[in-house]
Amino acid sequence: QKEVEQDPGPLSVPEGAIVSLNCTYSNSAFQYFMWYRQYSRKGPELLMYTYSSGNKEDGRFTAQVDKSSKYISLFIRDSQPSDSATYLCAMKNSGNTPLVFGKGTRLSVIA
Amino acid sequence: GAVVSQHPSRVICKSGTSVKIECRSLDFQATTMFWYRQFPKQSLMLMATSNEGSKATYEQGVEKDKFLINHASLTLSTLTVTSAHPEDSSFYICSARDRTGGTEAFFGQGTRLTVV
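Just so we're clear, the structure is a prediction, and the values are computed from it rather than from any experiment.

**Q** Run through the packing of aromatic side chains, naming residues and quoting values.
**A** The full count for this structure, using the stated rule, is 11 aromatic pairs over all chains. With centroids separated by 5.7 Å and ring planes inclined at 40°, the aromatic side chains of B:Tyr36 and B:Phe107 adopt a geometry described as tilted. Here the residue B:Tyr36 occupies a position in strand E4 (residues 30-38), and B:Phe107 occupies one in strand E10 (residues 106-107), the gap between them amounting to 71 residues. Residue B:Tyr36 is classed as buried on the basis of its relative accessible area of 1%. Look at B:Phe107 and you get buried, because its relative accessible area is 9%. Aromatic pair B:Phe67 and B:Tyr92: ring centres 6.3 Å apart, planes at 40°, arrangement tilted. Of this pair, B:Phe67 sits in strand E7 (residues 67-73) while B:Tyr92 is found in strand E9 (residues 90-98), placing the two residues 25 residues apart along the sequence. The pair formed by B:Phe67 and B:Tyr92 is uniform in burial state, with each residue classed as buried. The rings of A:Tyr36, A:Phe101, B:Tyr36 and B:Phe107 are connected pair by pair, giving a single aromatic cluster.

See below:
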């Protein structure tokens with residue numbers, strides 16, 4: 001089993017829809033959880049950062065972490081065509097260790 | 001947010017030559033920088049972790065003599081692909097972590113390397 005599992009999609013939704021992106025993980029030592037957005041041929045851009053369990057909201061984006069289920073989610077409300085990108089979940093344990101990434105989910109928001 | 005500048009964004013080189021990619025943190029000091037490789041429609045594959053002033057730690061399967069990493073200052077790390085071959089063609093991305101101990105990493109724009 002991979003440390004981080006993420007459905008690669010592709011996921012196609014109409015403009016204005018609520019998008020739900022998810023990752024599961026196996027390492028219970030992970031404490032820091034991030035979502036990155038990557039446009040084609042660009043470097044990933046940090047969207048959301050969460051420590052431990054709980055919810056975090058930033059504009060149209062909400063990140064949820066459920067450590068008991070080893071499950072994290074990113075919700076995008078009122079999705080826009082400009083949200084079309086690949087979304088990567090990433091996580092790490094404490095200490096100066098590398099991030100562990102999911103495969104990324106390709107999202108297309110159709111106008 | 002923090003800015004990481006990666007240069008060049010695209011490079012085409014002949015087989016057998018070497019290519020250097022630079023990664024700079026512009027508004028913060030980066031104790032640690034990471035180098036990744038990404039194939040089309042794939043996730044990021046960590047190649048090595050670079051700490052300022054010390055030797056890089058390479059992931060299993062990554063040839064340290066082929067992918068030379070130098071992290072001579074708190075704002076600059078370089079990746080040199082030596083004796084490049086067509087199979088080295090890929091998208092290379094660096095990221096940097098703030099020395100104050102932030103956990104998230106900030107990424108460069110990536111370098112698309114094509115070896116012909």
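Next comes the rest of the description.
**Q** Give a description of the interface of chain A and chain B that names residues and reports values.
**A** Counting residues at the interface gives 21 residues for chain A, matched by 23 residues for chain B. Carbon and sulfur atoms make up 57% of the area that chain A and chain B hide from each other, which totals about 1,600 Å². For the pair chain A and chain B, the number of links is zero salt bridges. Along the contact surface separating chain A from chain B lie six residue pairs in polar contact (both at pLDDT 80 or more). Counting residues per element, the ones that place at least two in the side of chain A that touches chain B are strand E4 (32-38), strand E5 (45-51) and strand E9 (85-92) of chain A.

**Q** Outline the sheet that holds strand E8 (residues 71-76) of chain A, listing residues and values.
**A** Residue and element names in this part refer to chain A. The antiparallel open sheet is built from five strands, whose spatial order is E1-E3-E8-E7-E6. Across the chains shown, the open sheet's two edge strands, defined by having one partner strand only, are strand E1 (4-5) and strand E6 (54-58). Bridge count for E6 against strand E7 (residues 61-66) is five bridges, and the pairing is antiparallel. In the sheet register, Lys56 faces E7, and the bridge partner there is Ala63.

Reading the values: the criteria
Residues numbered from 1 in each chain as written. Chains lettered and ligands numbered in written order. Predicted model: local features only at pLDDT ≥ 70, side-chain atom pairs only at ≥ 80, totals over all residues. Heavy atoms only, no water. Phe/Tyr/Trp six-rings, centres within 6.5 Å; stacked < 30°, edge-to-face > 60°. Helix = DSSP H or I, 4+ residues; strand = E, 2+ residues; numbered from the N terminus. Buried < 20%, exposed > 50% of the residue type's maximum accessible area, 1.4 Å probe, protein only. Contact = heavy atoms within 4.5 Å. Buried area = accessible area lost by both parts, 1.4 Å probe. Salt bridge = Lys/Arg side-chain N within 4 Å of Asp/Glu carboxyl O. Polar contact = N/O pair within 3.5 Å; in protein donor to acceptor, adjacent residues only side chain to side chain. Pairing = 2+ DSSP bridges.

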